[in-house]
Amino acid sequence: MSVSFVLEALVVLGAIVMGTRAGGVGVGLWGGLGTFVLVFVFGEAPGEPPAAAMAIILAVVTSAALMQAAGGIDWMVSVAARVIERRPKQITLIAPLTAFAFSVGAGTSNIIYPLLPVIYDVSYKNHIRPSRPLTVTVVQSGIALAASPVSAAMAAMLTLTDVEPYNLGLTQILAITIPACVIGIIVTSVVVNRMWTELDDDPEVQAKIASGELVAPPAVAVGVPAGAVSSGSAGLGPDTGPTGVADTAPASAQLTYTRAGRNSALVFFAGVVAIVILGLFPGLRPSFEVPDVGTVSLDMTNTIVLVMFVVGVLILFVGRPDVKTVPDQSVFKAGMISAIALFGIAWLTATFIAAHEEFIISTVGAWVTDWRFLFALAVFLVAALTTSQSTATRTMVPIGLAAGLAPGLVTGMWAGALGGVYTLPANGTQIAAANFDLTGTTKLGTKLIDHSFFIPMLVLSVTTIVVGAVIGTIFF
């Protein structure tokens, strides 16, 4: 192991740590600084900037933000809320699976926020400990983006695997990640349903009810319409809304949407389906004659970008969004932060790997060949430190591929390891879930890993990693 390798590795790790401390766009800025040090101080040739991943993120985020501005997210949340309310007794399973489906379709976990009060209301009214469905719903979003054709994490992954010599395209990735994630969510829901004290037997909750701080849920939930407590009103009284006025409407009735919003969301979903179909059937994509190569089909990077631009224009017609408000949308802001963070970190790791590829293959390759799950652990730790799925992807996946791991195995472990973003109770969705749970059963903890999300996150990550690794190894 050369001195330069050690020093440059320290630069990479230092940039990641400092970027994590800065948060947001700071991750990308520190990644850029690390690249500067490798190039100007150590004399390494700069690696290839992640232009393809950036193009995908920008196109997808723009279209998704247009959809949100038109009210598409509101429609999605309303539909999800109705699905959750239909089977209140199975909410610990139904809520996270529903949130997973919409997170996959939209490419963002932002849909979770407005669902949290609905999940709390329905679970509380049905005497179900709110921490159970809330925690699983939150942590599923850590892996959901690995199963989304239009997420920033998928954009980063696709540009790494859908190239020679790996040739693992979008449909192959989804064939690994979707079943692995679904099985992981189901197993986690089963485990969590057996965790903690039942709501009616919890002394802390019962003390709040006895003191009047919390009003008891309806004594009999059977026969009462699911979601009888309006959004945000559970705990104020079984039949009263936030103002104390009788309110028997389902929680989803409090969530409104417009026809333009619905149509915009449907157009966006149609674009997602089109991308999957074009990935599954390359013959549907245009082909071109390339000198010295022959006939080549349009690659998936350009396909995704072009389809998303078409989707954006269609949304302009069917949704009539105010284009001026697009930069203010939460999807746009989160996407731009991801893009900047991805750019700096990806450029840094590409520069480092290109400079030491032979050494990485001969040494790190031997380690991960003997202990393959070290790769999953590495992705998990980077995800935990950066709280960014796309950053963890561009930081560790190139190393796993360069080390000689099969792309199917890498993909399977990658999907579950992204769940590490919820290792620490520092994410907005975790904080929001704890705040919405008026019973106090969803806790952020005081010792970093003693929060309510830790065990569900661990079960979900481990299960998805194992299932994903098996699927990726056997079929790909």
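Residues numbered from 1 in each chain as written. Predicted model: local features only at pLDDT ≥ 70, side-chain atom pairs only at ≥ 80, totals over all residues. Heavy atoms only, no water.

S.K.: An account of the packing of helix 6 (residues 112–125) against helix 7 (residues 131–144) is requested, with residue identities and associated values reported.
M.R.: Two elements in contact, helix 6 and helix 7, have axes separated by 9 Å at closest approach and are oriented at 160 degrees. The orientation of helix 6 relative to helix 7 falls into the category roughly antiparallel. As for the relative orientation of helix 6 and helix 7, their crossing is right-handed in sense. Mapping the contact onto sequence places Ile112, Leu116, Ile119, Tyr120 and Ser123 in helix 6 and Pro133, Leu134, Thr137, Val138, Gln140 and Ser141 in helix 7. For the contact of helix 6 with helix 7, the per-class residue count stands at seven nonpolar, four polar and no charged. (Axes fitted to C-alpha atoms, helices over the stretch in contact; angles between N-to-C directions. Helix = DSSP H or I, 4+ residues; strand = E, 2+ residues; numbered from the N terminus. Parallel < 35°, antiparallel > 145°, perpendicular 65-115°, else oblique. Left-handed = near helix turned anticlockwise from the far one by under 90°. Contact = heavy atoms within 4.5 Å. Nonpolar A, V, L, I, M, F, W, Y, C, P; charged D, E, K, R; others polar.)

S.K.: Give me the lowdown on helix 6, citing residues and values where you can.
M.R.: Each full turn of the α-helix corresponds to 3.6 residues, which orients residues three or four apart in the same direction. Helix length check: helix 6, at 14 residues, gives a terminal C-alpha distance of 20 Å against a target of 20 Å (1.5 Å per residue), a fit within 8%. Helix 6 sits mainly inside the fold: 12 of its 14 residues count as buried. Regarding helix 6, the residues found buried are Ile112, Leu115, Leu116, Pro117, Val118, Ile119, Tyr120, Asp121, Val122, Ser123, Tyr124 and Lys125. On its buried face, helix 6 sits against helix 4 (72–86), helix 5 (91–106), helix 7, helix 10 (203–211) and helix 18 (428–436). At the C-terminal side of helix 6, histidine 127 shows a positive phi close to 60 degrees. (Expected span 1.5 Å × (residues − 1). Buried < 20%, exposed > 50% of the residue type's maximum accessible area, 1.4 Å probe, protein only.)

S.K.: Give a description of the side chain of threonine 159 that names residues and reports values.
M.R.: Position of threonine 159 relative to the elements: it lies in helix 8 (residues 152–161). Among the polar contacts listed, one links the side chain of threonine 159 to the backbone oxygen of alanine 155, at a separation of 3.2 Å. With sequence-adjacent residues up to four places away left out, threonine 159 is seen in contact with Ala52, Ala53, Ile56, Thr301 and Arg394. (Polar contact = N/O pair within 3.5 Å; in protein donor to acceptor, adjacent residues only side chain to side chain.)

S.K.: Account for the pairing of strand 2 (residues 294–297), naming residues and giving values.
M.R.: Strand residues, when the strand is regular, have side chains that alternate between the two faces of the sheet. Alignment of strand 1 (residues 287–290) against strand 2, held across four bridges, turns out to be antiparallel. Across the sheet, glutamate 289 pairs through a bridge with threonine 295, a residue of strand 2. (Pairing = 2+ DSSP bridges.)

S.K.: Residue-level account of the nonpolar core, with values.
M.R.: Met76, Met308 and Trp414 are the most contacted members of the largest nonpolar core, which has 122 residues in total. A total of 12 residues in this core trace back to one element, the largest contributor, which is helix 3 (residues 51–70). Contacts of methionine 308, omitting those with residues within four sequence positions, involve Ala59, Val60, Ser63, Val150, Phe268, Gly271, Val272 and Ile275. Counting residues in each nonpolar core, the second largest holds five residues, with Tyr120, Leu199, Val205 and Leu214 among its members. (Core = buried A, V, L, I, M, F, W, Y, C linked by side-chain atoms within 4.5 Å.)

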